[in-house]
Amino acid sequence: MAAGDKVIIPAQAAGFASLFGHIEKGTGDTLNLPEGMLNIGGNTKGYLVNPATDWDPVTNSDGSFTALALGDDVYLYAVQDASGIAQWVASKNSTVPTGYTADNSRKVGGFHYGRYRPASERYNKAFDPGTQILPNSCWDLQHRPKCDPTGMVEIIPGRLWADIYLNSEGSGAWPQTVPESRHGVTPLSGTEGYSRYLDLPVLAANAGKRLPFLNEFYVYADGTPEGNDGDNDTAWSATTNSDRASTGSVAKAVSCLGVVDAAGNLWDPCIDLHDVASESSVDYEWDRPILESGKDSGELRGELYHVRWRFFMAGGHWDIGVRCGSRCAYSNYGPGYVNSHTGLRCVCDSL
């Protein structure tokens, strides 16, 4: 090394992050945290982070929570410390932990506290899921979906994440509305005027996500018990229901991957499309009315050239009883249909 040359320690560079391993669920409601190097606050602000086993997010919180509750999304921050070893802090704040700023803290990961159905209780209608840190909801800077990980679980390791809950309307007015995966809120549907073919893909894109394929639904819905005609014990599906329920209303309606309401409540719309008529039996045609639906029904958006498009929905809705389930699928509605029975759940590729 020549005189005057500079040696750059990686963590001294703005934005640098390197973790030796991933944030994972520990014993009970604790976490196992990896060691590594992080930049916190810009150039020259490099810090080491030490590993921890069975780290308790409650006792190490910033004061924004004193216990874990169903539906909580908790974020893990590394905060500056004079020792040069950053300290771990848990917070329910999604931007910065209480008592810190963006200059002296950095969001490193997080998890969701939700209902859990182990594989040993797959399809068991008698099993009443308890609450815990969902193992496949744990994320960090190097292990996460490409979008905001809040309210999501990993359903195909290293490849795909899915929303835990049917989406509700979040921030922004149409067409900038960002859907959210949250517990205990009213899920959006065609009741709010959303067209499946025209509007739901826009909502998903606003969150950096997409609609699932039917085979992906089958993965994340696996283990969810079938619904019943006469009650809402295992799914929001009783034939006497007259409307959707808030997300997570039925405790047993959870899959073995932690996805809620994959059976009943509202249909999960899928990407899969097909024509129900062949070219030999029905002529293709230009169709304008099919595009005059949804949130932008008053806008001129061209015409769709098709035979008779249909696309798949999965899981069932609030009043079709035992038909609701993890392999329930339906393909009778056309793309221009706006229907109160259809919700939204999104997926996102891994980083």
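What you see is a predicted model, and the numbers here were worked out from it, not measured in a lab.

Caption draft 1: Seen up close, empty space enclosed by the protein. This model, assessed by the stated rule, comprises 1 cavity of 30 Å³ or more. Computed from the structure, the largest cavity encloses a volume of approximately 40 Å³. Taken together, Asp 73, Val 74, Tyr 75, Phe 111, His 112, Ser 137, Trp 139, Pro 149, Thr 150, Gly 151 and Met 152 form the lining of the largest cavity. Residue assignment for the lining of the largest cavity shows that the elements contributing at least two residues are strand 7 (73-79) and strand 9 (105-116). Top element by residues in the lining of the largest cavity is strand 7. It accounts for 3 residues. The class makeup of the residues in the lining of the largest cavity is 6 nonpolar, 4 polar and 1 charged.

Caption draft 2: Examining the sheet that holds strand 6 (residues 52-55) more closely. Taken together, 3 strands build an open sheet; the order of strands is 2-3-6 and the sheet is antiparallel. One side of each edge strand has no neighbouring strand; the edge strands of this open sheet are strand 2 (24-25) and strand 6. Note: strand 2 against strand 3 (residues 31-33), 2 bridges, orientation antiparallel. Paired with Lys 25 across the strands is Leu 31, a residue of strand 3.

Caption draft 3: Spatial organisation of the pairing of strand 12 (residues 152-156). Summarising burial for strand 12: 5 of the 5 residues are buried, a large majority. Taking the residues between adjacent antiparallel strands as the criterion, strand 12 and strand 13 (residues 160-163) are bridged by 3 residues, where Gly 158 takes a positive phi near 75°.

Caption draft 4: The pattern of salt bridges, seen in detail. Applying the stated criterion across every chain, the model contains 11 salt bridges. With a closest N to O distance of 3.0 Å, Arg 210 and Glu 216 form a salt bridge. Since its relative accessible area comes to 12%, Glu 216 is described here as buried. Note that Asp 268 and Arg 345 form a salt bridge whose closest N and O atoms lie 2.7 Å from each other. Note that Asp 268 is positioned in strand 16 (residues 268-275) and Arg 345 in the loop between strand 20 (329-330) and strand 21 (347-349), a separation of 77 residues in sequence.

Caption draft 5: Summary view of unusual backbone geometry. Cis geometry is found at the peptide bond from Trp 174 to Pro 175, where omega equals 10°. Structurally, Pro 175 is set in the loop between strand 14 (167-169) and strand 15 (179-181). For Asp 261, which is not a glycine, the phi torsion comes out positive at approximately 60°. With respect to the secondary-structure elements, Asp 261 resides in the loop between helix 2 (214-221) and strand 16.

Caption draft 6: Geometry of the UniProt feature "domain: Major tropism determinant second" (unreviewed entry) in the chain. Sites flagged by UniProt as "domain: Major tropism determinant second" (unreviewed entry) map to residues 56-140. Span residues 56-140 is 0% helix and 38% strand, its end C-alpha atoms 17 Å apart.

Basis of the calculations
The residue numbering used here restarts from 1 in each chain and proceeds along that chain's sequence as written. Reporting in this predicted model follows two pLDDT cut-offs: at least 70 for local features of residues, and 80 or more for side-chain atom pairs to be given and counted; totals over whole chains, interfaces and linings ignore these cut-offs and use all residues. To obtain the side-chain values, all non-hydrogen atoms of the structure were included, while hydrogens and water were left out. Here a cavity denotes grid points, spaced 1 Å and computed from the protein atoms alone, that fit a 1.4 Å probe unable to get out, and a pocket denotes an open set having protein on both sides within 12 Å along at least 5 of 7 lines; residues with an atom within 4 Å of a point are the lining. Grid points are joined across faces, edges and corners, and a volume is the space filled by probe spheres set on the points. Secondary structure elements follow DSSP: runs of H or I no shorter than four residues count as helices, runs of E no shorter than two count as strands, and numbering proceeds from the N terminus. Any residue that is not Ala, Val, Leu, Ile, Met, Phe, Trp, Tyr, Cys, Pro, Asp, Glu, Lys or Arg is counted as polar, Gly included; the first ten are nonpolar and the last four charged. For two strands to pair, DSSP has to find at least two bridges joining them. Residue exposure (1.4 Å probe, protein chains only): buried if accessible area is under 20% of the type maximum, exposed if over 50%, otherwise partly exposed. A carboxyl oxygen of Asp or Glu within 4 Å of a side-chain nitrogen of Lys or Arg is what we treat as a salt bridge. UniProt positions are given in the numbering used here, feature names are shortened, and annotations may be inferred rather than shown by experiment.

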